[in-house]
Structure formats: C-alpha cells, structure tokens
Amino acid sequence: MSEERIYVNRDMLELIFGKANINRWADLDGDDDAFKIQQRINFAIQTASSYIETVLRGRNYHNVIIDSSIRRLIAQIAALHLYDAREMIDGDSAADKMSMVRTQVDEYLGKIRRGEIILKGERTQAAPTVVPYEDSSNSKNSQRPFFCSQDDPFYGRFHP
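Residues numbered from 1 in each chain as written. Predicted model: local features only at pLDDT ≥ 70, side-chain atom pairs only at ≥ 80, totals over all residues. Heavy atoms only, no water.

Student: What's the story with the overall build of the chain in this structure? I'm lost.
Tutor: Of regular secondary structure, the chain possesses 5 helices and 4 strands. Along the chain, from the amino end to the carboxyl end, the secondary structure elements read α-α-α-β-α-α-β-β-β. Taking contacts inside the chain between residues at least 6 apart in sequence as the whole, the part at least 24 apart equals 66%. In the form shown here, the chain has an accessible surface area of approximately 10,000 Å², with 52% of it arising from carbon and sulfur atoms. (Helix = DSSP H or I, 4+ residues; strand = E, 2+ residues; numbered from the N terminus. Contact = heavy atoms within 4.5 Å. Areas by Shrake-Rupley, 256 points an atom, 1.4 Å probe, with all protein chains shown as cover.)

Student: What exactly am I supposed to notice about the pattern of salt bridges here?
Tutor: Pairs can form between side chains of opposite charge once their charged atoms are near each other. Taken as a whole and assessed by the stated rule, the structure comprises 6 salt bridges. Across the salt bridge formed by Asp29 and Lys36, the nearest N and O atoms sit 2.8 Å from each other. Close ionic contact of Asp29 with Arg40 constitutes a salt bridge, the shortest N to O distance being 3.1 Å. Of this pair, Asp29 sits in the loop between helix H2 (19-26) and helix H3 (34-58) while Arg40 is found in helix H3, placing the two residues 11 residues apart along the sequence. (Salt bridge = Lys/Arg side-chain N within 4 Å of Asp/Glu carboxyl O.)

Student: Teacher, can you tell me more about the packing of helix H4 (residues 68-90) against helix H5 (residues 99-114) here?
Tutor: Packed helix pairs are characterised by how far apart their axes lie and by the angle those axes make with each other. With their axes 10 Å apart at the nearest point, H4 and H5 run at an angle of 135 degrees to one another. One finds that H4 runs oblique with respect to H5. Both H4 and H5 take part in a crossing whose hand is left-handed. Residue-level contacts link Ser69, Ile70, Leu73, Gln76, Ile77, Leu80, Tyr83 and Asp84 of H4 to Val101, Arg102, Gln104, Val105, Tyr108, Leu109 and Ile112 of H5. (Axes fitted to C-alpha atoms, helices over the stretch in contact; angles between N-to-C directions. Parallel < 35°, antiparallel > 145°, perpendicular 65-115°, else oblique. Left-handed = near helix turned anticlockwise from the far one by under 90°.)

Student: Looking at this model, I keep getting lost on the packing of helix H1 (residues 10-17) against H4. Mind explaining?
Tutor: It is the contact of H1 with H4, at a shortest axis distance of 10 Å, that shows an interaxial angle of 80 degrees. The pairing of H1 with H4 is recorded here as roughly perpendicular in orientation. Seen from H1, the contacting residues are Met12, Leu13, Ile16 and Phe17; seen from H4, they are Arg71, Arg72, Ala75, Gln76, Ala78, Ala79 and Leu82.

Student: I tried to follow the packing of aromatic side chains on my own but got confused; where do I start?
Tutor: Two aromatic rings, taken as a pair, are described by how far apart their centres are and by the angle between their planes. Applying the stated criterion across every chain yields a total of 2 aromatic pairs. Between Trp25 and Tyr83, the ring centres sit 5.3 Å apart and the planes meet at 80 degrees, which makes this aromatic pair edge-to-face. Linking Trp25 in helix H2 with Tyr83 in helix H4, this pair joins segments that are 58 residues apart in sequence. Here Trp25 and Tyr83 have matching classes, each one buried. An aromatic cluster is present here, built from Phe17, Trp25 and Tyr83 joined pairwise through their rings. (Phe/Tyr/Trp six-rings, centres within 6.5 Å; stacked < 30°, edge-to-face > 60°. Buried < 20%, exposed > 50% of the residue type's maximum accessible area, 1.4 Å probe, protein only.)

Student: Where do I start with H5 in this structure?
Tutor: Quick reminder: α-helices carry 3.6 residues per turn. Residues three or four places apart thus point the same way. In this model, H5 (16 residues) spans 22 Å end to end at C-alpha, consistent with the 22 Å of a helix rising 1.5 Å per residue. Taken together, the buried positions of H5 are Val101, Val105, Leu109, Gly110 and Ile112. On an axial view of H5, the arc spanned by its buried residues comes to 165 degrees, and they lie on one face. When the buried face of H5 is taken as reference, the exposed residues oriented beyond 90 degrees from it are Met100, Asp106 and Arg114. Among the residues trailing H5, Gly115 stands out with phi positive, at a value near 80 degrees. (Expected span 1.5 Å × (residues − 1). Arc of directions from axis to C-beta.)

So, to be careful, I would describe these as geometric facts and stop short of saying anything about function.
Pasting the structure below:
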C-alpha cells in the first residue's frame, strides 16, 4: 500500500454503476466538460483508495493484497462520493437511491475493523509497551503494560 496507489479505474465504476450514472454524477456543472468529469472521477477514486489504505493501516496491515472484494469496496466508495456531490446539487437528499450501497460499504468496513474479515497480506505486530502513569493510591509513578502497535494513534499516550 502506498499513498498514491490507484486500485480501480473509471471502467470499473461504469461496470458497476453504469456509464450514464457515473457521467451524470461527475458532471456537477452540467456542462458536459469531459476533462472536468474525468478529473472528478479521478479525485473520487483517489480519495476512496486513500480512505481504504487508512482503514487498513488502522487494522495494522503493513502490506495488503488488494483483491477483487477490496477493489469493489473502493469503487463503491468512489461512486458514493460522486453520487453525494450530485445530490447536493439536485437537492433531494430524502430519496437516497444509494442507501443499499452505503449499507454494504458500512457492513464490510465494520467486518474489517472488527477482524471478522482477515485480509491477505502482511500485518504489523502489536508489541506490548509499558506506559508510565500516576497511581492515585500511592502517588508514585507506576507502570502497567499497555498493548498497542507503533502505528496506533494512541501509541505512547497515557491511558487509565
């Protein structure tokens, strides 16, 4: 995984959601400008790819094999970005036609976060770390083990 990897392309978005839908969702100005539409699609794909990498780093994956299920997840997230931007312009947020896709994405990401889905790839090892804390009973600095990896955003912080 790297910050600038792209795992899906416009063709995959169009295969899943239809060429007309992707084109309409990405044409925010309504001027049919192919360059701007492509730029928006590229940005949605890059944003979705980066988001998935962030989620996987949060699960302590160092190197993940991006398979077809993760590619589909990235495509769904990218399409949601495009759809949501279009809905802000159209103004009918009560009729979320992508709610099923949104639910699928949330459920799959939840399974990854809970460890119910184990992805192929190399994981970082969470190493036990001793974190000093103030013991209120004897007011001396004590130590107790706190388990987290160095990739964890709370690494090295005090946790009661």
